[in-house]
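Coordinates in review
Residues per chain, in single letters:
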Amino acid sequence: MKPIIYADNAATTRLSPTVLEAMLPFLREEYGNASSLYSLGRRVRVPLEEARETIARCLGGQNREIFFTSGGSEANNWALKGAAAFLAKNGKRHIISTAFEHPSILHTLDALKREGFSITLLPVHENGIVRPEDLQRAIREDTGLVSVMYANNEVGTIQPIGELGAICRQKGIWFHTDAVQAAGALPIDVVKEHIDLLSLSGHKFHGPKGIGALYIREGLHFPNLIHGGEQESGRRAGTENTAAIVGLGVAMEETCLHREDTSRKVRAMRDRLLTGLLSIPGCRLNGDRERRLPGNLNLSFAGIEGESLLLLLDMRGICASSGSACASGSQDPSYVLRALGVDAELAKGSLRLTLGDLNTEEEVDILLREIPETVAHLRQMRGWHS
Ligand SMILES: *Cc1c(COP(=O)(O)O)cnc(C)c1O
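In what follows, the accompanying structure is described.

What follows deals with the overall build of the protein chain. From N to C terminus, the protein chain includes 11 helices and 12 strands. For 386 residues, the compact-globule formula gives about 21 Å, and the C-alpha radius of gyration of the protein chain, at 21 Å, lands near that figure. Each principal axis of the C-alpha distribution contributes one length, and for the protein chain these read about 70 × 55 × 35 Å. Buried positions account for 55% of the 386 residues belonging to the protein chain. A separation of at least 24 residues holds for 73% of the contacts in the protein chain among residues at least 6 apart in sequence.

So this is what it looks like as structure tokens:
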């Protein structure tokens, strides 16, 4: 069997060995309930709070503003539904977001719309970046919440979060950002960027799956998610997933510590890959060239089907994506690329490659050989000529 080249780090990432080691005791002998008063339980409380502190520190927030969730989707649901419930009581029934959010945002907005909320989706333009002046224009008297993702999961484009946050703060509008893709790659500062609510997820930066967090700025009157015990200050009840929380903390710590070096290394590999692949005729890059996540490449190839390309690449041991994992399985062109104005045919011929710190220059060499060959092969079968 060929060794696998994993170039789909936006879908999920490999668990870090240090993270695994840190988690194991909590799946074995440290099985106490953190709420128990005897030492077996109390011993578990400490690492949980350390994990909270690490996350708070990495985001520029305070410990009591971090709440563990089951992942990014839950954090996003809680942020939007929680904000909506509170704001509606104050007559604010208008929410602004963007056309290319993750499904856990867009589908939650659909549900809120059915409950009578009015939703405005900002355009993301050809470069995949929201313009602050568009936000200014969309704000109404009854706007209560703005939710704009920090970095997009398909095209990797990075939004002007600080500017958008400043606009919202000035108007007294709550500002949420889905930072699930950004948290592993970009420096974030919830205070400087005027962020009220922020979602993140462990498995996108070498942490375990099924754990994430919602940052809730202190002072926000925010409704509880799960009623029950006093865990998470009573906001999200249920016995803590101790191993996963500890894993999340260690993953965040490693990420924060090595972010600059990792970004530089990953960006260099990505840029070499980009330069090589752009020399394929009929190949174009989707989304802004500079303002994108260091590992992200989203390319369209004229005359091919993205799905067929993925299948052939899989046979060559290459894991890539044609869009987001959450949207795959459908034959429709990616709604993200459509939001960038990419025409439907080209959007269908798209390939997302997301590199991470575990990729190597040798793998880039292989990708630079295998992808052009596969594209040429597919085009030959379809009788395509540039
Ligand atoms: C992966 C992802 C999510 C969902 O996170 P889960 O932990 O898998 O629920 C949300 N938003 C973005 C941008 C993502 O990439």
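This part covers the sheet that holds strand 10 (residues 296-301). Taken in spatial order, the three strands line up as 9-10-12 in an open sheet, and their pairing is antiparallel. The sheet is open, and its two edges are formed by strand 9 (283-285) and strand 12 (350-354), each paired on a single side. Neighbour to neighbour, the strand axes of the sheet diverge by 25° on average, direction disregarded. Across the sheet, helix 7 (residues 242-278) touches strand 9, strand 10 and strand 12, and the angle it forms with strand 10 is around 10°.

In the vicinity of the ligand lie 14 residues, with Ser73, Asp178, Gln181, Ser201 and Lys204 positioned nearest. The separation between an oxygen atom of the ligand and a polar side-chain atom of glutamine 181 is 2.7 Å. For the ligand, the accessible surface in isolation is 380 Å², of which the surrounding protein chains cover 88%. Along the lines of polarity and charge, the residues of the shell around the ligand split into two nonpolar, 10 polar and two charged.

This paragraph deals with the state of the cysteines. Across all of its chains, the model carries one disulfide by this definition. Paired by a disulfide, cysteine 58 and cysteine 256 hold their sulfur atoms 2.3 Å apart. Here cysteine 256 lies in helix 7 and cysteine 58 lies in helix 2 (residues 39-59), a separation of 198 residues in the sequence. With a relative accessible area of 10%, cysteine 58 lands in the buried category. The class for cysteine 256 is partly exposed, based on a relative accessible area of 24%.

Structurally, serine 321 is set in the loop between strand 11 (318-319) and helix 9 (335-339). Not counting residues up to four positions away in its chain, the partners in contact with serine 321 are Asp8, Leu310, Ser350, Leu351 and Arg352.

Reading guide: rules and limits
- Residues numbered from 1 in each chain as written.
- Predicted model: local features only at pLDDT ≥ 70, side-chain atom pairs only at ≥ 80, totals over all residues.
- Heavy atoms only, no water.
- Helix = DSSP H or I, 4+ residues; strand = E, 2+ residues; numbered from the N terminus.
- Rg over C-alpha atoms; globule rule 2.2 N^0.38 Å.
- Buried < 20%, exposed > 50% of the residue type's maximum accessible area, 1.4 Å probe, protein only.
- Contact = heavy atoms within 4.5 Å.
- Pairing = 2+ DSSP bridges.
- Axes fitted to C-alpha atoms, helices over the stretch in contact; angles between N-to-C directions.
- Near = heavy atom within 4 Å.
- Polar contact = N/O pair within 3.5 Å; in protein donor to acceptor, adjacent residues only side chain to side chain.
- Areas by Shrake-Rupley, 256 points an atom, 1.4 Å probe, with all protein chains shown as cover.
- Nonpolar A, V, L, I, M, F, W, Y, C, P; charged D, E, K, R; others polar.
- Disulfide = S-S within 2.5 Å.

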